[in-house]
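Breakdown of the fold
The residues making up each chain are set out below.
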Amino acid sequence: MKTSDFRFDLPPELIAQQPLPERSASRLLVVPPGDAAFEDRGIRDLPGLLRAGDLLVFNDTRVIPARLFGQKATGGRVEILIERLLGDGVAKAQIGASKTPKPGSSIELDGGGSAEVIDRDDRGFFTLRFHVDGEFIDWLQRVGQLPLPPYIEHTPDAVDAERYQTVFAERAGAVAAPTAGLHFDDALLQSLRDRGIDDARITLHVGAGTFQPVRVENLDEHRMHSEWIDVPQKLVDKVRATRAAGGRVIAVGTTVLRALESAMTPDGLQAFSGETSIFIYPGIEVRSVDGLVTNFHLPESTLLMLVSAFAGRERILAAYEHAVRERYRFFSYGDAMLLWPQDGVSRK
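None of the values given here were measured: they were computed from a predicted structure.

How each quantity is defined
- Residues numbered from 1 in each chain as written.
- Predicted model: local features only at pLDDT ≥ 70, side-chain atom pairs only at ≥ 80, totals over all residues.
- Heavy atoms only, no water.
- Pairing = 2+ DSSP bridges.
- Helix = DSSP H or I, 4+ residues; strand = E, 2+ residues; numbered from the N terminus.
- Axes fitted to C-alpha atoms, helices over the stretch in contact; angles between N-to-C directions.
- Contact = heavy atoms within 4.5 Å.
- Core = buried A, V, L, I, M, F, W, Y, C linked by side-chain atoms within 4.5 Å.
- Buried < 20%, exposed > 50% of the residue type's maximum accessible area, 1.4 Å probe, protein only.
- Polar contact = N/O pair within 3.5 Å; in protein donor to acceptor, adjacent residues only side chain to side chain.

A word on the sheet that holds strand β18 (residues 291–295)
- The nine strands lie next to each other as β2-β1-β19-β18-β14-β3-β12-β13-β17, forming an open sheet whose pairing is mixed. Because the sheet does not close on itself, it has two edges, and the strands there are β2 (39–42) and β17 (272–276). Here the average twist between neighbouring strands, direction ignored, is 25°.
- Sheet topology places strand β14 (residues 249–252) next to β18; three bridges connect them, and they run parallel. The residue bridging V252 from the neighbouring strand is V293, located in β18.
- Running at roughly 85° to strand β12 (residues 198–205), helix α6 (residues 254–262) makes contact with β3 (55–59), β12, β13 (227–231), β14, β17 and β18 of the sheet.

Brief notes about the sheet that holds strand β7 (residues 90–97)
- Spatially, β5-β6-β7-β10-β9-β8 is the arrangement adopted by the six strands of the closed barrel, whose pairing is antiparallel. Between one strand axis and the next, the sheet turns by 45° as a mean value, whatever way the strands run.
- Relative to strand β6 (residues 77–87), strand β5 (residues 67–72) is paired through five bridges, and the arrangement is antiparallel. Paired with R67 across the strands is L81, a residue of β6.

Some thoughts on the nonpolar core
- Counting residues in each nonpolar core, the largest one holds 66 residues, and the members touching the most others are Y164, I202, V231, L235, F330, M337 and L339.
- For this core, the leading source of residues is helix α7 (residues 302–311), giving seven residues.
- Excluding residues within four positions of it along the chain, V231 makes contact with I202, V236, A259, L260, A263, Q270, A271 and F272.
- By size, the runner-up hydrophobic cluster in this structure holds 23 residues, among which are A66, L81, A115 and F130.

Considering the side chain of R258
- Within the secondary structure, R258 is located in helix α6.
- Classification of R258 as buried rests on a relative accessible area of 4%.
- From its side chain, R258 meets the backbone oxygen of I278 in a polar contact 2.9 Å long.
- Contacts of R258, omitting those with residues within four sequence positions, involve L204, M224, H225, E227, T276, S277, I278, I280 and L306.

In C-alpha cells form, the structure reads like this:
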C-alpha cells in the first residue's frame, strides 16, 4: 500500500485546540462492522455499548515535561525535546538549533544545569547526559515544559497540565499522551464497572516519533520508531479469563493495541517487557483485541494506517468523511471513535 492511500481533507478549524470542560463530554462515533450505519453517540454512552464481562485495557503511562530550552556556548538558542529517559541523567532527545551541536559540546539549560552531547544516531536523535542538581526526573518536573503536539498552537498552561494526562496515569516516561484515555473520568470508569465491565493496564511510553511523518510512499519501506512497553502477567491473566468467559477485549487507544500485538505469540498473548517497533497497516492481521476506542488521527499517519488495518481502510475513510461532515473535533483534544473489526469476527 501507499502512504497517499491514507490522505483525507480536514478543515483546520476541526483540530481541537483546547480540551472540553469535562473529559467525558466528548462525542463518540461508533463504526460497526460491514456496511451498518455509523452512530453518533457520546463517550458516556460507552457502558451501554459494551457488555458485562468485557475488558477495557488502558495505557497507564504518564507524560513528562519533556521540552527544555537553553543555549550553546556560542550563544545560539536551543530547544530540546526528550524522546526517551535512559536512566542516570541520560536521555535520547531531538534538538532544534540553527546549527547542529557536535558530540562533546555542552548546552547551558534555562533553569540551571547543563546537557552534554554524547552522540547522534542515524535517525537524528541525540544522546544527552544532564548535569543538574538532584535527581534528573525531579529537576525535569520543576523546569520542563509539557510537550503538547505540534498542531496545538498555544503555550501549555495549568489546564493542559491536568488534562493532557489520563486520570490513571502512573508510570512516568511518555512525551505524548495516550489520547483515547483522556476521555475517561472517575465517574465514567465507575459506570463501566457498575455494568460489569472490567479494566486492566499496560504501559507504553509514547515517544516523539509518533508525530513523525511517513517519508516513503511504499509502506513496506517505512522504518517504525521504537517505544518501550510492559505487558504484565496480571493483564495476560485477565485477558485469558475474559476470553474463557466469552467476553471481549477492548483496547483504549492505538498504544494499547500496539503493545498487545507486540506481545502476541503463536500460543497467544504472553507477558512481555521491552522494545517494540511494530508497524501495523492493512494486510497485517490484528489478533489481540475485539474492539478499539481511539481518537481521530493525522492524515497519512501510521496511526491512521493501524486503525485501517483493524476496521478496514475504506470503512475508516468513510467514517472520517462522516466525522468531518458532522463537525467532530479531531486529534489529541478531540472526540473519539468506537471501532469493531472489519469482518465482525471475535478474536477469541
